Amino acid sequence: LTWILKYLGENPNVLHAVTEKQENIMRIKEEKGEEKVLNWTDTKQMPMTTRVIQETLKVASILSFTFTEAVEDVEFEGYLIPKGWKVLPLFTNIHHSPDNFPEPEKFDPSRFEVSPKPNTFMPFGNGVHSCPGNELAKMEILILV
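Because the structure is predicted, anything quoted here is derived from the model rather than measured.

1. A closer look at the packing of aromatic side chains
Okay, so step 1: Taken as a whole and judged by the stated rule, the model has four aromatic pairs.
Okay, so step 2: An aromatic cluster is built from Trp3, Tyr7 and Phe107, whose rings are joined through pairwise contacts.

Set out below in structure tokens:
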């Protein structure tokens, strides 16, 4: 959340887009006489906020790496990783690779208008090593923003 506040503060156009959508949701509720309480349907109407969260998780990775083990022999870029060897994927390097994200250091939520290539965006780990609470965490961040 702190990183989101930082990036929104540094990017007034992005802050305006996020704020405008959220205020519009509340305005519509008021016009309909509905209680001004955020609900599940409302969260689905905030794609820009969701992209801001994704971009923040990419730029300011909270999970640097994970430990795993090669379950079979794997050849990667000319190197053999034998079955049983410990492997340490560095998510920060993956998220900051220009091969995966052009201008990776730039804060650009629009890059998430299209889903990234598989295994290039893993802010909560991946596969069996994925954080079991990642969907809850993303929803809590969205609600707090």
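Let's pick the thread back up.
2. Topic: a nonpolar patch on the surface
Okay, so step 1: A contiguous nonpolar surface patch, about 390 Å² in accessible area, is contributed by Phe65, Phe67, Leu88 and Leu90.
Okay, so step 2: Summarising the element assignment, Phe65 is placed in the loop between helix H4 (47–59) and strand S1 (68–69).
Okay, so step 3: A relative accessible area of 38% means that Phe65 is categorised as partly exposed.

3. Some thoughts on the environment of Asp108
Okay, so step 1: Along the chain, Asp108 turns up in the loop between helix H5 (91–95) and helix H6 (134–144).
Okay, so step 2: Asp108 gets classed as partly exposed once you look at its relative accessible area, which sits at 22%.
Okay, so step 3: On a C-alpha basis, the gap between Asp108 and Arg51 in space is 8.8 Å, while along the polypeptide they are 57 residues apart.

4. Remarks on the UniProt feature "binding site: heme" (unreviewed entry) in the protein
Okay, so step 1: Here, the residues flagged by UniProt with the feature "binding site: heme" (unreviewed entry) are Cys131.
Okay, so step 2: Here Cys131 is to be found in the loop between H5 and H6.
Okay, so step 3: Note on Cys131: relative accessible area 33%, which makes it partly exposed.

5. Comments concerning the pattern of salt bridges
Where side chains of opposite charge bring their charged atoms close, a pairing between them can arise.
Okay, so step 1: Applying the stated criterion to the full structure yields seven salt bridges.
Okay, so step 2: For the salt bridge of Lys6 with Glu10, the shortest nitrogen-to-oxygen distance reads 2.7 Å. Of this pair, Lys6 and Glu10 both sit in helix H1 (residues 2–10), separated by four residues, roughly a single helical turn.
Okay, so step 3: Owing to a relative accessible area of 49%, Glu10 belongs among the partly exposed residues under this scheme.
Okay, so step 4: Residue Lys36 pairs with Glu30 through a salt bridge whose shortest N-O separation is 4.0 Å.
Okay, so step 5: Note on Glu30: relative accessible area 53%, which makes it exposed.
Okay, so step 6: In this structure, a network of salt bridges that share partners links the residues Lys29, Glu34 and Asp42.

6. Some words on the environment of Glu55
Okay, so step 1: Within the secondary structure layout, Glu55 lies in helix H4.
Okay, so step 2: Each C-alpha atom, one on Glu55 and one on Ile4, is 9.0 Å from the other, the two residues being 51 residues apart in sequence.
Okay, so step 3: Once residues lying within four places of it in the same chain are set aside, the contact partners of Glu55 are Lys106, Phe107, Asp108, Pro109, Arg111 and Phe112.
Okay, so step 4: For Glu55, the side chain forms a polar contact with the side chain of Arg111, separated by 2.8 Å.

7. Re H1
Okay, so step 1: For H1, the complete set of buried residues consists of Ile4, Tyr7 and Leu8. What you see down the axis of H1 is that its buried residues fit within an arc of 100 degrees, all on one side. Facing away from the buried surface of H1 by more than 90 degrees, the exposed residues are Thr2, Leu5 and Gly9.

Analysis parameters
Counting starts from 1 at the beginning of each chain's written sequence and moves along it residue by residue. This being a predicted model, a pLDDT of at least 70 is required before a residue's local features are given, and a value of 80 or more before pairs of side-chain atoms are given or counted; all residues contribute to the totals for chains, interfaces and linings. Based on all heavy atoms of the structure, the side-chain values leave hydrogens and waters out of the count. Each aromatic pair joins two rings of Phe, Tyr and Trp (for Trp, the six-membered one) with centres within 6.5 Å, and gets the label stacked for planes under 30 degrees apart, edge-to-face for over 60, and tilted for any other angle. Exposure above 30% relative accessible area and the absence of a salt bridge qualify a residue for a patch, where like charges join within 9 Å and nonpolar side chains (Val, Leu, Ile, Met, Phe, Trp, Tyr) within 5 Å. We get accessible surface area from the Shrake-Rupley algorithm with a probe of 1.4 Å; when it comes to residues, only the shown protein chains can shield them. In the sections that follow, a salt bridge refers to a side-chain nitrogen of Lys or Arg positioned within 4 Å of a carboxyl oxygen of Asp or Glu. Runs of E in the DSSP output that reach at least two residues are strands. Runs of H or I that reach at least four are helices, and both are numbered from the N terminus. Here the term buried applies to any residue with accessible area under 20% of the maximum for its type, exposed to any over 50%, and partly exposed to those in between, with areas from a 1.4 Å probe on protein chains only. UniProt positions are given in the numbering used here, feature names are shortened, and annotations may be inferred rather than shown by experiment. Contact criterion: two residues are considered in contact whenever any of their non-hydrogen atoms come within 4.5 Å of each other. Here a polar contact is recorded for every N or O atom pair within 3.5 Å, except that within protein the pair must consist of a potential hydrogen donor and a potential acceptor, and residues adjacent in sequence are included only if both atoms are side-chain atoms. Starting at the helix axis, one direction is taken to each C-beta atom, and the arc is that of these directions.

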